[in-house]
Structure formats: structure tokens, C-alpha cells
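Each chain, letter by letter, is given below.
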Amino acid sequence: LFKESRVAIGAENCHYEANGAYTGEVSAEMLKELGVKADYVIAATGTGGTQAGIECGLRLSGMDTKMLGISVSYHTRPKEEEIAELCNATMDFLGCGERFAADQISVNYDYIGAGYGAVTDAALEAVSMAARTEGLILCHTYAGKAFAGMVDLVRKGVLTREDTVVFFHTGGGVANFAHPELFR
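None of these values were measured; they are calculated from a predicted model.

Analysis parameters
- Residues numbered from 1 in each chain as written.
- Predicted model: local features only at pLDDT ≥ 70, side-chain atom pairs only at ≥ 80, totals over all residues.
- Heavy atoms only, no water.
- Helix = DSSP H or I, 4+ residues; strand = E, 2+ residues; numbered from the N terminus.
- Expected span 1.5 Å × (residues − 1).
- Buried < 20%, exposed > 50% of the residue type's maximum accessible area, 1.4 Å probe, protein only.
- Phe/Tyr/Trp six-rings, centres within 6.5 Å; stacked < 30°, edge-to-face > 60°.
- pLDDT = per-residue confidence, 0-100.
- Contact = heavy atoms within 4.5 Å.

A.B. asks: How would you sum up helix α3 (residues 79-94)? Please name residues and give values.
C.D. replies: The end-to-end C-alpha distance of α3, which contains 16 residues, comes to 22 Å, matching closely the 22 Å that a straight helix rising 1.5 Å per residue would cover. The set of residues buried in α3 consists of Lys79, Glu80, Glu82, Ile83, Ala84, Cys87, Asn88, Thr90 and Met91. Once α3 ends, the next one or two residues include Gly95, with phi positive near 80 degrees.

In C-alpha cells, the structure reads:
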């Protein structure tokens, strides 16, 4: 459909060029350049495209870092399968022999609440905490739920002081304007 048009496919799909500013390539290289040896990368997982990009970038860079997606919505099939398929399509596009299996992908489903876009108390606490302590503006739909999951995993001792954790803020702060009553 788009092959003969000027529309370039990006976002959660393969980028139309083999290199560029897509999540996986940039994120892994940035971490390497900064000298960061991350144990975990945490980000919100919706469609799975961002997580697939990060997974591919980490694999191709040779970084021994675990990616943990915090799901923001319910899915019709296991997100790990969809993300592995996206990773494999990306690797095929890049001409790599690397393959991903669903059991190599980690997605946590504990912080979804009532579903996509649904406000959770944990996400509101996380949005407030990130703003007060770090100056980060998170939305309640994506980054807020992922940050809430990360905070809870720290509180439960799953993530410890010995772990270096990189949190990917995927944007969405403008969504807060749809619910000003939540942020007074």
C-alpha cells in the first residue's frame, strides 16, 4: 500500500531504512557511550514496538541487559509472542541471523488496572513521585504505569540497590491535560 507513496512507516514497525534514530539502535549506543552498564531497562509496553526495538538494540549491541516491559493494556494473545515476532521481523529486515523466542521476552501484566487508559492509584502515585523527586512529567496511561511497576518492584525487593535500572520515558505527558482533576 505504501510502497509507491511518500508515506514512511516507522513507530512500532520497522523503520524504512536499515539505520537511523529508531529506539533500539539509539538506546543501546547511548548507554554504551555513557558507560552505563544497565542490569535492567524498563519501559511501558502497549503495542510492543518500543520493547521490540529495545530488545533488538540490546541484542545487536551485545549488552547483557534485561528488558522488562510493563504492560499498559490487556492483549488478545500473549504480548511476548507478538514482541518476539516484531523482533524477528526487524532482524530479518536488517539481514541478521538473530532470532527471538517468546520465552526470551519479559512483560509484566500486574499494573494494567481496568485496562488501557484507565487511571490507577499506583500510576497517580508514580506520576506525582516522579514530578516531585525527579522533575519528570509522566502520563497515567503509559509512563506512569511503567514507573509505578518499577517502584513496586523496588519496594518488593525484585529490583535492589545493586541493580542499575534505566527507565525509558516514552512520552505522553500531554495526556494529563485530559484529566486535570487528577492532578490538583
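From this point, the narrative continues.
A.B. asks: Report on the packing of aromatic side chains, specifying residues and quantitative values.
C.D. replies: Two aromatic rings, taken as a pair, are described by how far apart their centres are and by the angle between their planes. Inspection of the entire model under this criterion finds two aromatic pairs. Note on Tyr116 and Tyr142: the rings are 5.6 Å apart at their centroids and 75 degrees apart in plane angle, and the pair reads as edge-to-face. With Tyr116 in the loop between β3 (106-108) and α4 (121-134) and Tyr142 in the loop between α4 and α5 (143-155), this residue pair connects regions lying 26 residues apart in the sequence. Given the relative accessible area of 27%, Tyr142 is considered partly exposed.

A.B. asks: Outline the confidence of the model for the protein chain, supporting the account with residue identities and numerical values.
C.D. replies: Considering every residue of the protein chain, the mean pLDDT works out to 82; 78% of them sit at 70 or more. Put simply, helix α1 (residues 23-33) is where the protein chain has its lowest mean pLDDT, 65, and β3 is where it has its highest, 97. Counting interchain partners and residues more than four positions distant, the pLDDT-below-50 stretch residues 5-16 has 15 contacts.

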